[in-house]
Amino acid sequence: MSSIGIGISTTDTTTATGARTDEAAALIGGARERIDALDDRIIGLVQERMAVSAVIQEARITSGGRRVNLSRETAVLGHYRDALGKPGTALAMTLLELCRGRV
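Computed from a predicted model, the values in this text were never measured in an experiment. (Residues numbered from 1 in each chain as written. Predicted model: local features only at pLDDT ≥ 70, side-chain atom pairs only at ≥ 80, totals over all residues. Heavy atoms only, no water.)

*Asks:* So what's going on with the pattern of salt bridges? Which residues, and what values?
*Replies:* A full pass over the atoms with the stated rule returns two salt bridges. Between Arg 100 and Glu 73 there is a salt bridge; the shortest N-O distance is 2.8 Å. One end of the pair, Arg 100, is in the segment after α4 (86-99); the other, Glu 73, is in helix α3 (residues 70-84), with 27 residues separating them in the sequence. A relative accessible area of 29% means that Arg 100 is categorised as partly exposed. Linking Arg 81 and Asp 82 is a salt bridge whose minimum nitrogen-to-oxygen distance equals 3.7 Å. (Salt bridge = Lys/Arg side-chain N within 4 Å of Asp/Glu carboxyl O. Helix = DSSP H or I, 4+ residues; strand = E, 2+ residues; numbered from the N terminus. Buried < 20%, exposed > 50% of the residue type's maximum accessible area, 1.4 Å probe, protein only.)

*Asks:* Explain the side chain of Gln 57 to me, and be specific about the residues and the numbers.
*Replies:* Locating Gln 57 in the fold gives a position in helix α2 (residues 22-62). What makes Gln 57 buried here is its relative accessible area of 4%. Within the local environment of Gln 57, its side chain forms a polar contact with the backbone oxygen of Cys 99, the two atoms lying 2.5 Å apart. (Polar contact = N/O pair within 3.5 Å; in protein donor to acceptor, adjacent residues only side chain to side chain.)

Shown next as structure tokens:
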């Protein structure tokens, strides 16, 4: 059994990634690090979106309006669907759910 890095055997690396070669395991490991970094950025952007949505809702409510603007939500759903297909609609629904009612 050969060794990759410090204290990580080839077998352990390929098992952890599902790869069958050291080269593929290294590629997958690097790509997973990139995905983890992207996920962190996405989470930060979602949190920022939630904060901006709360400001909008507060302004709408204090001016006598409703907390939710259904025509705006429909436009958001369409935007995500057009960009990402049917799964985009589900993603948009989740974002809208996260951003509602925080006021």
